[in-house]
Amino acid sequence: MGKHTSVNTLVPSAFITKAAATYLASYVLVGGGGGGGTGVSGTSEGAGGGGGGFLSGTQTLSSGAVYNVVIGAGGATDANGSASTALSLTAVGGGKGGTGASGAGAIGGSGGGSVGPGTTAGAAGTGGQGSAGGAGSTSGAGGGGGGGASAVGTNANGTTNDSAGGAGTSTSITGSAITLGGGGGAGAATGGAGGAGGGGAGGNTNSVGNPGTVNRGGGGGGGEGTSSTNAGGAGGSGVFYLSVPTANFTAATTGSPTITINGANTVMTFTASGSYTA
């Protein structure tokens, strides 16, 4: 009988392809809020700016991959907010509030309010991210409230025109509830309230609009223009929350995010641009 010889061939580890380890993360991404519209002396009230777009969900991360984060700035007076980006997602910046007679708001994550007179509808929000702004007054130069992530801005009523901003959306990704992406209120004798989620209130008689809250993506409040020209408030900057299992958290970050623990997860809160290496 012949002998059977077994030969074990060793393959160098450099030639073995291993599947990258992955894990599931949760996120919330919010764009910068739109700026409130200017109240023009003797002509019109300023409409409220729209809240920044709101996105949330889960995504699979690959170990060793670098995920860059850009936090959108809030818009200045009469300007749209900037988009926030992360995980190949884009939360659109909020639309600016309208200014001047029949001034239209701008489309955004949530849309800016518009100014009457006429049938000037509020600007649209981005599907899946936010809501439309409120319409201007049909019989005067009142402005609508800016749209929020979960509710439209209030239409101007033609009398008090204290149009409120639409409400934002609440999240508990950090373990505590926080509302983000509220719309700004319109300028009026008694300025419209800002929407829950960082929306700035509209200015009172002959006053500037209030800014949206920083790192909540709130829209700025409109200025009031009975007998003087007054600027709308700036929109609030955006924010990015990333929650990963603590067992997988690498601590490899840039941009100095705040790190907190929520149960079995570690949560990074980016208030400025940066990155996370999974």
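What you see is a predicted model, and the numbers here were worked out from it, not measured in a lab.

A. Spotlight on the overall build of the protein chain. Helix and strand counts for the protein chain come out as 0 helices and 12 strands. Listed N to C, the secondary structure of the protein chain is β-β-β-β-β-β-β-β-β-β-β-β in terms of helices and strands. Whereas a compact globule of 278 residues would reach a radius of gyration of roughly 19 Å, the protein chain reaches 24 Å, over 25% beyond that. Along the first, second and third principal axes, the C-alpha set of the protein chain runs to 110 × 30 × 25 Å. Classification of the 278 residues of the protein chain by burial places 49% in the buried group. Within the protein chain, counting contacts between residues at least 6 apart in sequence, those at least 24 apart form 52% of the total. Of the accessible surface of the protein chain, which amounts to about 11000 Å², a share of 54% is contributed by carbon and sulfur atoms. With 4 positive and 4 negative side-chain charges, the protein chain shows a separation of 49 Å between the mean positions of the two kinds.

B. Layout of the environment of G232. Note on placement: G232 falls in the loop between β7 (178–180) and β8 (239–245). For G232, a relative accessible area of 6% gives the class buried. With 193 residues separating them in the primary sequence, G232 and G39 have C-alpha atoms 7.1 Å apart. Sequence-distant contacts of G232, that is, excluding residues within four places in its chain, are made with G36, G37, T38, T77, G209, G221, G222 and G223.

C. Structural detail: the nonpolar core. Judged by nonpolar contacts, the single largest core of 19 residues is most densely connected at L61, L87, F240, L242, V244, F270 and Y276. Of all the secondary-structure elements, those providing two or more residues to this core are β1 (22–30), β2 (54–62), β3 (66–70), β8 and β11 (265–270). In terms of residues, this core owes the most to one element, β1, which gives 4 residues. When neighbours within four sequence positions are excluded, L61 is seen to be in contact with A21, T22, Y23, A25, Y67, L87, L242, V244, Y276 and A278. Core analysis: the second largest hydrophobic core is formed by 9 residues, V30, I178, L180 and Y241 among them.

D. Expanded view of the side chain of S243. For S243, the location among the structural elements is in strand β8. Sequence-distant contacts of S243, defined by excluding residues within four places in its chain, comprise A25, S26, I173, N265, T266 and V267.

E. Structural view of the packing of aromatic side chains. Under the defined criterion, the tally for this structure stands at 2 aromatic pairs. Taking the centre distance of 6.1 Å and the plane angle of 10° together, the rings of F249 and Y276 count as stacked. Here the residue F249 occupies a position in the loop between β8 and β9 (253–254), and Y276 occupies one in strand β12 (residues 274–277), the gap between them amounting to 27 residues. For Y276, a relative accessible area of 1% gives the class buried.

F. View of the sheet that holds β2. Strand order in the open sheet made by the 5 strands is β2-β1-β8-β11-β10, with antiparallel pairing throughout. Either end of the sheet is taken by a strand with one partner, and the two such strands are β2 and β10 (258–262). Across the sheet, the axes of successive neighbouring strands diverge by a mean angle of 25°, strand direction being ignored. Two elements, β1 and β2, share 9 bridges in a ladder whose sense is antiparallel. Within β2, the position partnered with Y23 by the bridge is L61.

G. Spatial organisation of the sheet that holds β3. Pairing in this open sheet of 5 strands is antiparallel, and the strands run β5-β4-β3-β12-β9 from one edge to the other. Each edge of the sheet is formed by a strand with only one pairing partner; in this case those strands are β5 (89–91) and β9.

H. Representation of unusual backbone geometry within the structure. That bond from G116 to P117 is cis: its omega, 0°, falls within 30 degrees of zero. Within the fold, P117 resides in the loop between β5 and β6 (169–171). Non-glycine residue N215 carries a positive phi angle of around 60°. Residue placement: N215 occurs in the loop between β7 and β8.

I. Geometry of the confidence of the model for the protein chain. Across the protein chain, the average pLDDT comes to 93, with 92% of residues at or above 70. Per-residue pLDDT stays below 50 along residues 1–19; that stretch engages in 1 contact with residues further than four places along the chain or on separate chains.

J. Representation of the side chain of T266. Looking at the element boundaries, T266 is found in strand β11. Here T266 falls in the buried class, since its relative accessible area comes to 2%. A polar atom in the side chain of T266 sits 2.9 Å from the side chain of T246. Among all residues touching T266, those that are not within four sequence positions of it are L242, S243, V244, T246, F249, I259, T260 and I261.

Cut-offs applied
Residues numbered from 1 in each chain as written. Predicted model: local features only at pLDDT ≥ 70, side-chain atom pairs only at ≥ 80, totals over all residues. Heavy atoms only, no water. Helix = DSSP H or I, 4+ residues; strand = E, 2+ residues; numbered from the N terminus. Rg over C-alpha atoms; globule rule 2.2 N^0.38 Å. Buried < 20%, exposed > 50% of the residue type's maximum accessible area, 1.4 Å probe, protein only. Contact = heavy atoms within 4.5 Å. Areas by Shrake-Rupley, 256 points an atom, 1.4 Å probe, with all protein chains shown as cover. Lys, Arg positive; Asp, Glu negative; His and termini not counted. Charge placed at Lys NZ, Arg CZ, Asp CG, Glu CD. Core = buried A, V, L, I, M, F, W, Y, C linked by side-chain atoms within 4.5 Å. Phe/Tyr/Trp six-rings, centres within 6.5 Å; stacked < 30°, edge-to-face > 60°. Pairing = 2+ DSSP bridges. Axes fitted to C-alpha atoms, helices over the stretch in contact; angles between N-to-C directions. pLDDT = per-residue confidence, 0-100. Polar contact = N/O pair within 3.5 Å; in protein donor to acceptor, adjacent residues only side chain to side chain.

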